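So the chains spell out like this:
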Amino acid sequence: MADFLIWLIAALGAVGGVVLGRVWGRAEGERAGKREAERDAIEDKNKRVERGRDAVRDGRGAGDPADRLRRNDGRW
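Residues numbered from 1 in each chain as written. Predicted model: local features only at pLDDT ≥ 70, side-chain atom pairs only at ≥ 80, totals over all residues. Heavy atoms only, no water.

A. Molecular detail of the overall build of the protein. Broken down by element type, the protein carries two helices and zero strands. Sorting the 76 residues of the protein into buried and exposed places 3% on the buried side. (Helix = DSSP H or I, 4+ residues; strand = E, 2+ residues; numbered from the N terminus. Buried < 20%, exposed > 50% of the residue type's maximum accessible area, 1.4 Å probe, protein only.)

B. Spatial organisation of the UniProt feature "transmembrane region" (unreviewed entry) in the protein. In the UniProt entry, the feature "transmembrane region" (unreviewed entry) is given for residues 6-25. Between the C-alpha atoms that bound residues 6-25 the distance is 28 Å, and the span itself is 100% helix and 0% strand. (UniProt positions renumbered as here; feature names shortened; annotations may be inferred.)

C. Spatial organisation of the pattern of salt bridges. Enumeration according to the criterion identifies four salt bridges in this entry. Across the pair Glu30 and Arg26 runs a salt bridge whose closest N-O atoms are separated by 4.0 Å. Placement of the pair is Glu30 and Arg26 together in helix H1 (residues 2-59), with a separation of four residues, close to one helical turn. Looking at Arg26, the relative accessible area reads 61%, which means it is exposed. Linking Asp44 and Arg48 is a salt bridge whose minimum nitrogen-to-oxygen distance equals 3.3 Å. One end of the pair is Asp44 and the other is Arg48, both in helix H1 and four residues apart, which spans about a single turn. (Salt bridge = Lys/Arg side-chain N within 4 Å of Asp/Glu carboxyl O.)

Structure (structure tokens):
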């Protein structure tokens, strides 16, 4: 009977360890995914800001707004 209890406790411990490992791994994966998404959003924002700055810089010194409109018309 004592042998059976030892085996039963060992089996329950093994199953519990597997379940705990799965739960822990899933939580770590979600945290890593959130960090990656946050980093991607920051990089995207920085690229958009840079494109906006380039657009402002290219728009300066163009002279007449009608000329800027004609130049931009082909890009649409």
